[in-house]
Amino acid sequence: MLFRSMLVGVEKVRSVRLTQTVPIVGRLVSLRVGDIAARVGGPVESLMVEVGDRLEKGNVIAVLDPEIMQADLQLAQSELEEAGAELKTWAAETQVAMTELRRQERLRKSAAFSQAKFEDAQKQVAVAEARVERARANVAIKRSNLQRKQIDVEYAVVRAPYAGVVLRRYTEAGAYVDKGAPLVRLIDDRALEVEAAVPYTRVNGLPPGRKVEFVLDDGSRHKATVRAILPSENPQTRTRVVRLVPQFSETKRPLAESQSVVVAVPIGDNRRVLSVHKDAILKRPSGDLVYVVKDSVAEARNVRLGEAIGGRVEVLSGLSKDEIVVIRGNERLRPGAKVRVEKGSS
């Protein structure tokens, strides 16, 4: 009687790196969240955003009424022009004084020379030059004041300093706001870190640069790199805050600040272990069983298993590296059964 061979999927027993971990509950925190304030005071002409709006850096949040600021700007411009005219006047006076001083110097060897007039001419030059310097300083002051007024007019348009989502509006159009008063609260939900309070006995397993895994509340798994351990310990919980930089893969729901995460904190050194795919394991009353393929024949093998490693399980005994085990079709197998390996299996 001919027995038809069974088609099975297989995989090799492999050596993998095992890291024992303990789950620590943490949360997502935004690197940039805060109130966006008015840099100048004035009436709110328009508030351009609503709660929940997503903004890019530079988007307009609000416009303050610039009428008074523009009037101040025009006044500052006029004062600068007046100071410039005064500087020109004193510069001309200096030229006149210098001309008279040179004329007195030419008379030194003549009978018409007067020492008193010569000294008066020197004094006139010194006074005129001092007035010029004072006028130059006044021009610099007026120019600086003009620049400040120009900045005030620019600040009448309040822009988003970074990309984010509007969490709250603090004012409305028509209200008067003082300099420094908050207009909206903005959060950057794209610049997130993981924060976890780790027991002080575990922080040695999290040196900066260490990569760990964390799980979001939607069940998705992601990687993160330890950035810093804050040098402050909670005396009640004996924990220290660890900040990690996440590398998000695909998520099932939008991310949010303070969203819960579970960080897999290492509790031991990395070690290499033999591992088998979890689908190769059959639970039997006598223990865990794996089918090994040798010369196209399925051989039942009892195994002793250790820690789970993602989709694989540590093998403590019963298998050797590079042995071929069945991971698909093994539920129907019997010891000694003939098998055919699926294409692409290894």
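Everything numeric in this text was worked out from a predicted model, so none of it was measured. (Residues numbered from 1 in each chain as written. Predicted model: local features only at pLDDT ≥ 70, side-chain atom pairs only at ≥ 80, totals over all residues. Heavy atoms only, no water.)

Quick notes on helix H2 (residues 115-155)
The test is simple: Per the convention used, a helix needs a DSSP run of H or I reaching at least four residues, while a strand needs a run of E reaching at least two, with both numbered from the N terminus. Each residue after the first adds 1.5 Å to the expected span of a helix. Per-residue accessibility, obtained with a 1.4 Å probe over protein chains only, is compared with the maximum for each type, and a residue is labelled buried under 20%, exposed over 50%, and partly exposed between these values. Between two residues, a contact is recorded if the distance between any of their heavy atoms is within 4.5 Å.
The end-to-end C-alpha distance of H2, which contains 41 residues, comes to 60 Å, matching closely the 60 Å that a straight helix rising 1.5 Å per residue would cover. Within H2 the residues assigned to the buried category are Phe118, Ala121, Val125, Ala128, Val132, Ala135, Val139 and Leu146. Here the buried face of H2 lies against helix H1 (67-106).

Focus on the side chain of Thr239
Counted only if it meets this: Under this definition, polar contacts are N or O atom pairs within 3.5 Å; protein pairs additionally need one hydrogen-donor-capable and one acceptor-capable atom, and for neighbouring residues in sequence, both atoms have to be side-chain atoms.
For Thr239, the position within the fold is in strand S15 (residues 239-247). A relative accessible area of 13% places Thr239 in the buried class. Side chain to side chain, Thr239 and Thr237 meet in a polar contact 2.7 Å long. Ignoring sequence-local partners within four residues, the contact set of Thr239 consists of Ala197, Val198, Pro199, Tyr200, Ser232, Glu233 and Asn234.

Section: the packing of H1 against H2
Test applied: Here an axis means a line fitted to C-alpha atoms, over the contact stretch when the element is a helix, while the angle between two N-to-C directions is reported on a 0 to 180 degree scale. Put simply, angles under 35 degrees are roughly parallel, angles over 145 are roughly antiparallel, angles from 65 to 115 are roughly perpendicular, and the rest are oblique. Helix crossings get a hand from a simple test, with the near helix turned counterclockwise from the far one by less than a right angle marking a left-handed crossing and a clockwise turn marking a right-handed one. In this count, Pro and Cys sit with the nonpolar residues alongside Ala, Val, Leu, Ile, Met, Phe, Trp and Tyr, while Asp, Glu, Lys and Arg are called charged and the others, Gly among them, polar.
Two elements in contact, H1 and H2, have axes separated by 8 Å at closest approach and are oriented at 165°. By the angle between their directions, the pair H1 and H2 is classed as roughly antiparallel. Once H1 is placed against H2, the crossing between them reads as left-handed. Taken together, the residues of the contact of H1 with H2 break down into 20 nonpolar, 10 polar and 14 charged.

Brief notes about the packing of aromatic side chains
As a reminder of what qualifies: Aromatic contacts are taken between Phe, Tyr and Trp rings whose centres are within 6.5 Å, Trp giving its six-membered ring; a plane angle under 30 degrees counts as stacked, one over 60 as edge-to-face, and the others as tilted.
Scanning all chains against the criterion turns up two aromatic pairs. For the pair Phe113 and Phe118, a centre-to-centre distance of 5.9 Å together with 50° between the ring planes defines the contact as tilted. Phe118 matches Phe113 in its accessibility class, with the two residues each being buried. Summarising the aromatic geometry, the rings of Phe214 and Phe248 are spaced 5.9 Å apart at their centres and angled 85° between planes, so their arrangement reads as edge-to-face. One end of the pair, Phe214, is in strand S13 (residues 211-216); the other, Phe248, is in the loop between S15 and strand S16 (260-266), with 34 residues separating them in the sequence.

Here's the deal with the sheet that holds S16
So the rule is basically this: Two strands pair under a simple rule: DSSP has to find at least two bridges between them.
Spatially, S3-S12-S15-S14-S13-S16 is the arrangement adopted by the six strands of the closed barrel, whose pairing is antiparallel. Each strand axis lies, on average, 40° off the axis of its neighbour in the sheet, ignoring direction.

Comments concerning unusual backbone geometry
Its identity is not glycine, yet Ser258 carries a phi of approximately 75°, on the positive side. Within the element layout of this structure, Ser258 appears in the loop between S15 and S16. Ser258 sits in the partly exposed class, given a relative accessible area of 41%. Despite not being glycine, Asp295 shows a phi value in the positive range, around 50°. Along the polypeptide, Asp295 turns up in the loop between strand S19 (287-294) and strand S20 (297-309).

Some words on the sheet that holds strand S6 (residues 54-55)
Across a sheet, paired strands are connected by hydrogen bonds in the backbone, their directions being either parallel or antiparallel. Ordered by their spatial adjacency, four strands build an open sheet running S4-S11-S9-S6, and the pairing between neighbours is antiparallel. Two strands in the sheet have a free side with no partner beyond their single neighbour: strand S4 (33-37) and S6.

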